[in-house]
There are 2 protein chains.
Amino acid sequence: MAKRADILERFGKRVRELRSDAGYSQEGFAAHAGLDRTYQGGVERGQRNIALRNVEKIAKGLKISVAELFDGV
Amino acid sequence: MAKRADILERFGKRVRELRSDAGYSQEGFAAHAGLDRTYQGGVERGQRNIALRNVEKIAKGLKISVAELFDGV
DNA sequence: TTGTGACTTTTAGTCCGTC
DNA sequence: GGACGGACTAAAAGTCACA
């Protein structure tokens, strides 16, 4: 599958920025958002083709909209 | 799993609007975006928890950014 | 032109761990 | 605090025939 991971990488990078700006560790944020800690790490590394429901969990965990989460992605 | 399908439904509705505003049928758009006709239909009906790579296909098919696609969702 | 159920294959997503 | 691996289960991807 995996052609170029760009959208996943850009998304992961964006999540990492927002998550760390919010003062969370990966593990802390994952617990907060209701995700697995290894999954969160994989998303931030651009290795996970995350589905919409989990995108929403991240947006909610960051207290922003999904559109904002994709801003610049 | 499935709590309320809202994000999927709202996303599907948004896709349907944009797709039909762009003058495409489901079938025509699906072919254009590289998806199956019935898959596209399922997305628009909020029945598919679509992952990021396919979200991107739809955004590209509509010639907008993913952030724009989620605008108002 | 779209909805829908059913189906197989692939991958998302969880959970254990180590470095 | 984060990267990464293995093994597993749940669910997404993708396709079909029929309404």
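Residues numbered from 1 in each chain as written. Chains lettered and ligands numbered in written order. Predicted model: local features only at pLDDT ≥ 70, side-chain atom pairs only at ≥ 80, totals over all residues. Heavy atoms only, no water.

Okay, the overall build of chain A next. For chain A, the helix and strand inventory stands at five helices and zero strands. Order of helices (α) and strands (β) in chain A, N terminus to C terminus: α-α-α-α-α. The C-alpha atoms of chain A give a radius of gyration of 11 Å, which matches the 11 Å a tight globule of 73 residues would have. When the backbone C-alpha atoms are referred to their principal axes, chain A occupies close to 30 × 25 × 20 Å. Looking at chain A residue by residue over its 73 residues, the buried ones come to 48%. The long-range fraction of contacts in chain A, counting pairs at least 24 apart against all pairs at least 6 apart in sequence, stands at 53%. Accessible area of chain A: about 4,000 Å², with a carbon and sulfur share of 45%. Where the 14 positive side-chain charges of chain A centre and where its 10 negative ones centre are 4 Å apart. (Helix = DSSP H or I, 4+ residues; strand = E, 2+ residues; numbered from the N terminus. Rg over C-alpha atoms; globule rule 2.2 N^0.38 Å. Buried < 20%, exposed > 50% of the residue type's maximum accessible area, 1.4 Å probe, protein only. Contact = heavy atoms within 4.5 Å. Areas by Shrake-Rupley, 256 points an atom, 1.4 Å probe, with all protein chains shown as cover. Lys, Arg positive; Asp, Glu negative; His and termini not counted. Charge placed at Lys NZ, Arg CZ, Asp CG, Glu CD.)

Residues and elements named next belong to chain A. For the structure shown, the criterion picks out seven salt bridges over all chains. The salt bridge involving E44 is made with R19; its shortest N-O contact spans 2.6 Å. Residue E44 is located in helix 3 (residues 37-44), and its partner R19 is located in helix 1 (residues 6-21); the two are separated by 25 residues in the primary sequence. Both residues of the pair, E44 and R19, count as buried. Through salt bridges with shared partners, a single ionic network connects R16, R19 and E44. (Salt bridge = Lys/Arg side-chain N within 4 Å of Asp/Glu carboxyl O.)

Residue and element names in this part refer to chain A. Mapped onto the elements of the fold, R14 is located in helix 1. Buried charge without a partner: R14 forms no salt bridge, and the closest opposite charge is D71, 4.6 Å away. Residues contacting R14, with those up to four places away along its chain left out, are E68, L69, D71 and V73.

Looking at the element boundaries, G41 of chain A is found in helix 3. Sequence separation between G41 of chain A and A30 of chain A is eleven residues; the distance between their C-alpha atoms is 8.8 Å.

Under the criterion given, the structure shown has five aromatic pairs over all chains. Relative to F29 of chain A, the ring of Y24 of chain A has its centre 5.3 Å away and its plane inclined at 70°; by these criteria the two rings are edge-to-face. Pairing F70 of chain A with F70 of chain B gives two aromatic rings, centres 5.0 Å apart and planes at 0°, and the pair type is stacked. Remark: F70 of chain B occurs in the segment after helix 5 (66-69) and F70 of chain A occurs in the segment after helix 5 (66-69); the pair is interchain, linking two chains. Members of the aromatic cluster, joined through ring pairs, are F11 and F70 of chain A together with F11 and F70 of chain B. (Phe/Tyr/Trp six-rings, centres within 6.5 Å; stacked < 30°, edge-to-face > 60°.)

Turning our eyes to something else, we now look at the environment of F29 of chain B. With respect to the helices and strands, the residue F29 of chain B is situated in helix 2 (residues 26-33). Setting aside chain neighbours within four positions, we find F29 of chain B in contact with R19, Y24, Q40, I58, G61 and L62 of chain B.

Turning our attention to helix 1 (residues 6-21) of chain B. Given a rise of 1.5 Å per residue, 16 residues ought to cover 22 Å, and the 22 Å separating the end C-alpha atoms of helix 1 of chain B matches this to within 8%. Every buried residue of helix 1 of chain B is accounted for by D6, I7, L8, F11, G12, R14, V15 and R19 of chain B. Looking at the buried residues of helix 1 of chain B, the elements they touch are helix 4 (52-62) and helix 5 of chain A together with helix 2, helix 3 (37-44), helix 4 (52-62) and helix 5 of chain B. Count one or two residues on from helix 1 of chain B and you reach G23 of chain B, which has phi positive near 85°. (Expected span 1.5 Å × (residues − 1).)

When pLDDT is averaged along chain A, the result is 93; 93% of the residues meet or exceed 70. Per-element confidence in chain A is highest for helix 3 of chain A, whose mean pLDDT is 98, and lowest for helix 1 of chain A, whose mean pLDDT is 96. (pLDDT = per-residue confidence, 0-100.)

Now for the nonpolar core. By size, the foremost hydrophobic cluster in this structure holds 41 residues, and its most contacted members are F11, I58 and F70 of chain A together with F11, I58 and F70 of chain B. Setting aside residues no more than four positions away along its own chain, F11 of chain B makes contact with L52 of chain A together with V43, I50, V55, L69, F70 and V73 of chain B. (Core = buried A, V, L, I, M, F, W, Y, C linked by side-chain atoms within 4.5 Å.)

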